[in-house]
Amino acid sequence: MKKISVLFVCLGNICRSPAAEAIFISLLEKKGLKNAFIVDSAGTGSWHIGKKADSRMRIAAKRRDINILSRARQINIKDFEKYNYILAMDDSNFRDIQDLKNRTPSTKLASIKKIQDFRSVFNEHEVPDPYFGGDDGFDYVLDILEDSVSGFLESIS
Ligand code: 4NP
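Residues numbered from 1 in each chain as written. Predicted model: local features only at pLDDT ≥ 70, side-chain atom pairs only at ≥ 80, totals over all residues. Heavy atoms only, no water.

Student: Could you clarify how one ought to interpret the packing of helix H1 (residues 16–30) against helix H5 (residues 136–156) in this entry?
Tutor: Helices that pack against each other are described as a pair by the angle of their axes relative to one another and the distance between those axes. Viewed as axis vectors pointing N to C, H1 and H5 meet at an angle of 50°, and their least axial separation amounts to 9 Å. Overall, the two elements H1 and H5 adopt an arrangement that is oblique. In this structure, H1 meets H5 at a crossing whose hand is right-handed. Here H1 contributes Arg16, Ala19, Ala20, Ile23, Phe24, Leu27 and Leu28 to the contact with H5, which in turn contributes Val141, Leu142, Leu145, Glu146, Val149, Ser150, Phe152 and Leu153. (Axes fitted to C-alpha atoms, helices over the stretch in contact; angles between N-to-C directions. Helix = DSSP H or I, 4+ residues; strand = E, 2+ residues; numbered from the N terminus. Parallel < 35°, antiparallel > 145°, perpendicular 65-115°, else oblique. Left-handed = near helix turned anticlockwise from the far one by under 90°. Contact = heavy atoms within 4.5 Å.)

Structure below.
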């Protein structure tokens, strides 16, 4: 069976999208679905390429038994062919991804959505960027993402 591929995207790929990726993988593992999916994350920006996720996010996730293992990379035009779903963390990411897709001469398979379109508990239309804030912001991002990432999985299963 063909795998379903999902790419989570934020600005730096060191806080929100690596957290979304790890939460999604953890959920898939719990449901015995991991082998049915290809999951990754990327940033629209290039500043942090090759870096581990922000230690504040890794520590906050670890407290929930979620391991963030990814290294930052930048989204590129091949991703539109490789992934079924590209999920943006906020409106600015969404616009940047659309702009890149519009400049891509490929068959453009990916469906681009905002992860918060799948929220049910938290009424946030965007995942707030925790990078310049305090430690609470990282836990709040994880709370929001646990809700919307599971909503996304329900929407496609
Ligand atoms: P992210 O957070 O987009 O959730 O990874 C950020 C990380 C770094 C920067 C901005 C946002 N930065 O400006 O370096």
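Student: Would you take a moment to explain helix H2 (residues 55–62) for this structure?
Tutor: Every α-helix winds through 3.6 residues per turn, so residues three or four apart in the chain are directed the same way. All of the buried residues along H2 are Met57, Ala60 and Ala61. Down the axis of H2, the buried set is contained in an arc of 95°. They therefore lie on one face. On its buried face, H2 is in contact with H1 and H5. (Buried < 20%, exposed > 50% of the residue type's maximum accessible area, 1.4 Å probe, protein only. Arc of directions from axis to C-beta.)

Student: Could you clarify how one ought to interpret the layout of surface pockets in this entry?
Tutor: Within this model, the largest pocket holds a volume of roughly 220 Å³. Taken together, 13 residues form the lining of the largest pocket, with Ala22, Ile25, Asn67, Ile68 and Leu69 sitting closest to its centre. For the lining of the largest pocket, the class distribution of residues is six nonpolar, three polar and four charged. (1 Å grid on protein atoms, 1.4 Å probe; cavity = no way out; pocket = protein on both sides within 12 Å on 5 of 7 lines; lining within 4 Å. Points joined across faces, edges and corners; volume = space filled by probe spheres on them. Nonpolar A, V, L, I, M, F, W, Y, C, P; charged D, E, K, R; others polar.)

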